[in-house]
Amino acid sequence: MPSGPFAHVCMLVHDLDKSIEDWTKILRILDPKSLERRIVKYDDYSAGADAGMKWATFVNDESTEIQFIQPGKGTPLGDRLEKMGEHVHHLCFTTDDVPAAMEKLKAEGLQLPGGGVTYNDEDMPWQKWSWVGPKSAHGVMIEVASPYETHDDGKWYHAPGKFAYKGEAIAAE
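Residues numbered from 1 in each chain as written. Predicted model: local features only at pLDDT ≥ 70, side-chain atom pairs only at ≥ 80, totals over all residues. Heavy atoms only, no water.

## Side note on the sheet that holds strand 7 (residues 128–132)
Under the convention used in this document: One bridge is not enough; two strands pair if DSSP finds at least two bridges between them. Only DSSP runs of H or I covering at least 4 residues are called helices, and only runs of E covering at least 2 are called strands; the numbering of each starts at the N terminus. Two residues form a contact once any of their heavy atoms are found within 4.5 Å. Interaxial angle, 0 to 180 degrees, is taken between N-to-C directions of lines fitted to C-alpha atoms, where a helix line uses only the stretch in contact.
One open sheet accounts for 8 strands, arranged 2-3-4-1-5-8-7-6; its pairing is mixed. Looking at which strands have only one partner, the edges of the open sheet turn out to be strand 2 (40–47) and strand 6 (119–120). Packing of helix 1 (residues 16–30) onto the sheet brings it into contact with strand 1 (6–12), strand 2, strand 3 (50–58) and strand 4 (65–70), and relative to strand 3 it is tilted by some 15 degrees.

## Some words on unusual backbone geometry
Basically, it comes down to this: Burial here depends on accessible area, computed with a 1.4 Å probe over protein chains only, as a share of the maximum for the residue type. Under 20% is buried, over 50% is exposed, and the range in between is partly exposed.
Phi at H138 takes a positive value of approximately 60 degrees, unusual for a residue other than glycine. Mapped onto the elements of the fold, H138 is located in the loop between strand 7 and strand 8 (141–145). A residue is classified by how much of its surface remains accessible, and H138, at 76% relative accessible area, is exposed.

## Some points on helix 2 (residues 76–84)
For clarity, the threshold we go by: Comment: arc refers to directions from the helix axis out to C-beta atoms.
Residues L77, G78 and L81 constitute the buried set of helix 2. Down the axis, helix 2 shows its buried residues gathered within 105 degrees of arc, on one side only. Turned more than 90 degrees away from the buried face of helix 2, the exposed residues are E82 and K83. Buried residues along helix 2 sit against strand 1, strand 3, strand 4 and strand 5 (87–94). After helix 2 finishes, the residue G85 shows a positive phi value of roughly 80 degrees.

## Points about the packing of aromatic side chains
Each aromatic ring pair is specified by the distance between its two centres and by the angle formed by the two planes. To keep it simple, the criterion reads: Two rings from Phe, Tyr or Trp (for Trp, the six-membered ring) form a pair when their centres sit within 6.5 Å of each other. Planes less than 30 degrees apart are called stacked, planes more than 60 degrees apart edge-to-face, and all others tilted.
By the definition in use, this model includes 6 aromatic pairs. On the numbers, 5.0 Å between centres and 15 degrees between planes, the contact of F6 with F93 is stacked. One end of the pair, F6, is in strand 1; the other, F93, is in strand 5, with 87 residues separating them in the sequence. For F6, a relative accessible area of 32% corresponds to the partly exposed category.

None of the figures reported here should be taken as evidence of function without further support.
Below, the structure is given as structure tokens:
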């Protein structure tokens, strides 16, 4: 499980296995702790019109995790990858109450794709997520998601109350 509310950085890639191979070399030198836990990997994941994705995350209990999506051809994410090339797709922050966080972000006047609607995963019903758009986040999407942890089976599980934003923002001095 990531060490704080900044959970992961997710990149769109052409070849998931090559990305894992290359990032294993990078992390072996720069962040070896990211190689101690089993990678979470899904070989066939779908979300709405984005069917047939491959997905992997380097798990790190002490840092922000590194995640990859290899989208299916002809899907919205696949078309985006073909148009823009490999790139950072989103940054993920966790919170115990995704709908409440989205209401607060909406009240701040931020760009929220879909108006800040909260999504659920059929295979992980506890998982909720939504998005802050790139116009407000200066070029990258922000995923707002339920907190999660990884077990030895290489899958994600709900982790309410762990390392998630739970209160009001601290005012800037």
